[in-house]
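What follows is the residue order along each chain.
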Amino acid sequence: RNEYGSGHFANGCLLARRLVERGVRFVQLYSGDFGGWDAHKNVAENHGNYCQKTDQPVAALLEDLERRGLLDDTLVIWGGEFGRTPRINKKGGRDHWAPVSCALLAGGGMQTGQVIGSTNRLGEYAQDRPVHMQEIVATTYHNMGINPNSATLTDPNGRPQYLLDHREPIAELV
């Protein structure tokens, strides 16, 4: 056990900090080794376990990067590919829910410490300032020095294609 807590994800966060400290430019962690958010049954138990195993390591990673002067140059994104149903299913779980998701973005020289967007009171759909997933990707590109408004890739037919359809980074962050 260390300042990151214990378990595979905590060790992964510590390793990620060490890699960033040594100049590695991209690190990805996966937190599914203990069930993660994919709790189609028994949501109270599964999400409780997940939160216990992720909250402390993520907080410690951010504090450690800040303390070492690395956070302004390190973009941290914590999220998934979709959200979870606003209602509990028959098995006491939550299924996949594409209309709403969330992500935590920290560091990277961004204007952090804010919540952008909201859902209706039941978490069914985006209500105020919906953020498209591609805006998160555009923000990532922006922080990497890639201009999503001008960067293109050539498709198999020889035509230039923009990297994204939604090319503007999240204005509140940059």
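I will try to describe carefully the structure that is included in this document. (Residues numbered from 1 in each chain as written. Predicted model: local features only at pLDDT ≥ 70, side-chain atom pairs only at ≥ 80, totals over all residues. Heavy atoms only, no water.)

## Considering a nonpolar patch on the surface
Taken together, the side chains of Leu15, Leu19 and Val24 make up a nonpolar region of the molecular surface, amounting to roughly 220 Å² of accessible area. Checked against the element boundaries, valine 24 lands in the loop between helix H1 (8-21) and helix H2 (43-67). (Patch = residues over 30% accessible without salt bridge, like charges linked within 9 Å, V, L, I, M, F, W, Y side chains within 5 Å. Areas by Shrake-Rupley, 256 points an atom, 1.4 Å probe, with all protein chains shown as cover. Salt bridge = Lys/Arg side-chain N within 4 Å of Asp/Glu carboxyl O. Helix = DSSP H or I, 4+ residues; strand = E, 2+ residues; numbered from the N terminus.)

## Considerations on unusual backbone geometry
Unlike most non-glycine residues, arginine 129 shows phi in positive territory, near 50 degrees. Relative to the helices and strands, arginine 129 is located in the loop between strand S6 (126-128) and helix H3 (133-143).

## Here's the deal with H1
The end-to-end C-alpha separation of H1 is 20 Å, in line with the 20 Å expected for 14 residues at 1.5 Å each. By the burial criterion, the buried members of H1 are Phe9, Ala10, Gly12, Cys13, Leu14, Ala16 and Arg17. Looking at the buried positions of H1, the neighbouring elements they touch are H2. Just downstream of H1 lies glycine 23, where phi reads positive at about 100 degrees. (Expected span 1.5 Å × (residues − 1). Buried < 20%, exposed > 50% of the residue type's maximum accessible area, 1.4 Å probe, protein only. Contact = heavy atoms within 4.5 Å.)

## A look at the side chain of threonine 85
In this fold, threonine 85 is placed in the loop between strand S2 (83-84) and strand S3 (96-97). Looking at threonine 85, its side chain comes within polar contact range of the main-chain oxygen of arginine 87, at 3.1 Å. Non-local contacts of threonine 85, meaning those with residues more than four positions away in its chain, are made with Arg94, Asp95, His96 and Trp97. (Polar contact = N/O pair within 3.5 Å; in protein donor to acceptor, adjacent residues only side chain to side chain.)

## Comments concerning the environment of arginine 84
Within the secondary structure, arginine 84 sits in strand S2. The sequence separation of arginine 84 and aspartate 38 amounts to 46 residues, and the corresponding C-alpha distance is 8.3 Å.

## Some details on the side chain of threonine 140
The residue threonine 140 is located in helix H3 in this model. On the basis of relative accessibility, which here comes to 19%, the residue threonine 140 falls in the buried class. Apart from the residues within four sequence positions on either side, threonine 140 is in contact with Leu75 and Ile77.

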